[in-house]
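Listed below, chain by chain, are the residues.
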Amino acid sequence: MAESDKWDLSSLYPCDEAWETDLGRLKKKIDEASKFKGTLSKSPVALLSAMKWLSDTMMLAEQVYVYASLKYSAQSDDPENQRMIGTISQVYTDLVASVSYMDPEILEIKNLEKIIEDKDFDDCRVYLKKILRQKSHTLSPAEEEILAKQSELQSTPNKAFEMLTNVDMNFGSIDGMPLSQSTWASFMLSPDRELRRRAYEQFYETYRSHEQTIATLYASSVKQDIFNARVRGFDTALDAALYSDDVPKSVYTGLIDAVHKALPLLHRYYGLRKRILGLSELRHYDVYVPLVSSIKTHKTYEQAADIVRQALKPLGEDYVKTLYKGITTDRWVDRYENKGKRSGAFSSGGFIGAPYILLNYKEDVLGDVFTLAHEGGHSMHSYYSKRNNPFLCYDYTIFEAEVASTFNEQLVAKYLTDNAESEEMRTYIIAKQIDDMIATLFRQTMFAEFELLCHTQQEQGQILTVTTLRKTYRDLLEAYFGPEMVFEENSDLEGLRIPHFYNAYYVYKYATGISAAIALSQRVLNGGWRELDDYLGFLKSGGSKFPIQSLKSAGVDMSTQAPVEAAMKKFEALLSQFEKTISD
């Protein structure tokens, strides 16, 4: 891969030696941490001094961690990158342990609510208010230190899963083409059904040969989630996961309920897909191939960046100019697949440095144009957030993050539909929107339901094994895909290959995110400067508000099922439009 196609990490550090220097500074900061112990309640000045030190220290830690993490993600089989990420992970664990006494001490300060209203606390007020909210779930200083010291161990199942699936597992090749996590999508989009079948069977046979190991890793992750919840006094892991964002449990369960009500629409779609493809049996490897089969797409990365630039013009000149420059000349993006590179895509950055984007861009996969817009939405959210908030409250929640990303996808879909060079291309884009809503709204909700079922089973004393995990996932496959689908023996192994499951109760935010994004994108497109300002204000709010509150300010109320129900109506409208188009 050419140097210009890789991200430029110099906004973080000019070289590894500079990183090592800051790593040394961070280690010294850990030694300093104890000097504030027992002082936080002495006076507002003492508290402010500790908060300033904490802000500076955590900002440094974030910078050091992000650099090592990005290098590791781009080439995880490099021993030096492995050493760097392992080193900072341990140092970060030590840092968290060294400051673990602070929250319990802060919670013992009398009249804290009144003290932090002083303007001197502007930069840390939100941070301290969030600590106050955690009072009933905060342990003693000694207990917090113990938990902090073993925090790195909690990521072991995830790290082992990533190393196994991205580095150690060899999926072989099909007709001379390598089969991997990244090329999987290209195979599943192929019009050659026999090629899809062979790739599917070979891919999942590789997972089957490691199923016991992966099942053990996931079961361990679930147990860790439950332990963390119970030790802090939560009834369930779901309660613990939602509490920090102040999201009612009804949002999670309501999403599943709303999607279940709409499953007949999804079954209708799969029946239509079966008829269009002319199949006697619809198989799991048939659900991704484009239904408008005569359309071939080929977009270079440069063309994709220009599409994103044009599509996002409703967000204003500053937004578009900044993002376009970032994804082209400023080299925010690591563009193409490399051996040892993490699969998929993400946006990652910190208060210092650019909001970087990892891609595995494929020119023949139109979805990768949407992925660039998606990750660009995350990056611009970070860009605006850190320019409008102090460090201790700039970091927004994942619940909000998935709105900014899928919002951009909505605008790209509209742009491509409006500018399609033919009716056939327009139909293709409509079909892709349908498929994307299935992937983001229906599929992620199915994943969310799987997580809930697995955690609930373990919480009720049922041991998670490869057999129970596969049975739970197969039941969901059959419920969501409906009577038209015929599954393979290994189809339920899909439940063992989803990396997001190692970050418990994360995936539901994709589904709520697209629901909010649909509502907000329509509001901006149909509105004026006020609606745009409301949305940009949401991006700028960062972590200064809880997510339900910040989204209300932008114009959508996610505490109700209304946005999800509205998204389902859009799905039905797209489906009807597609049915009409192909019947004309």
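Presented here is an overview of the structure given in this document. Only a predicted model underlies this, so the values are computations on that prediction, with no experimental measurement involved. (Residues numbered from 1 in each chain as written. Predicted model: local features only at pLDDT ≥ 70, side-chain atom pairs only at ≥ 80, totals over all residues. Heavy atoms only, no water.)

### Focus on the sheet that holds strand E5 (residues 346-348)
Pairing is mixed in the open sheet, where three strands are placed in the order E4-E6-E5. Edge positions in the sheet fall to strand E4 (333-334) and E5, since each has one partner strand and no second. (Pairing = 2+ DSSP bridges. Helix = DSSP H or I, 4+ residues; strand = E, 2+ residues; numbered from the N terminus.)

### A few points about the pattern of salt bridges
A side chain with one charge can pair with a side chain of the opposite charge if their charged atoms come near. Scanning all chains against the criterion turns up 42 salt bridges. A salt bridge links aspartate 418 to lysine 414; the shortest N-O distance between them is 2.6 Å. One end of the pair is aspartate 418 and the other is lysine 414, both in helix H19 (residues 398-418) and four residues apart, which spans about a single turn. (Salt bridge = Lys/Arg side-chain N within 4 Å of Asp/Glu carboxyl O.)

### A look at helix H16 (residues 301-311)
Those residues of H16 not exposed but buried are Tyr301, Ala304, Ala305, Ile307, Val308 and Ala311. Along the long axis of H16, the arc covered by the buried residues comes to 160°, so they all point the same way. Looking at the packing, one finds that the buried side of H16 touches helix H17 (317-327), E4, helix H18 (367-386) and H19. (Buried < 20%, exposed > 50% of the residue type's maximum accessible area, 1.4 Å probe, protein only. Arc of directions from axis to C-beta. Contact = heavy atoms within 4.5 Å.)

### Observations concerning the environment of lysine 545
Mapped onto the secondary structure, lysine 545 falls in the loop between helix H23 (529-540) and helix H24 (547-554). Lysine 545 gets classed as partly exposed once you look at its relative accessible area, which sits at 28%. Counting along the chain gives 300 residues from lysine 545 to aspartate 245, while the straight-line C-alpha distance between them is 9.4 Å. In contact with lysine 545, other than residues within four places in its own chain, are Lys130, Glu400, Ser550 and Ser553.

### Notes on helix H15 (residues 263-277)
Under the 1.5 Å per step criterion, the end-to-end length of H15 is 21 Å for 15 residues, consistent within 8% with the ideal 21 Å. Where H15 is buried, its residues meet helix H14 (249-261), strand E3 (282-283), helix H20 (423-459), helix H21 (466-481), strand E7 (485-486) and helix H25 (562-583). Once H15 ends, the next one or two residues include glycine 278, with phi positive near 65°. (Expected span 1.5 Å × (residues − 1).)

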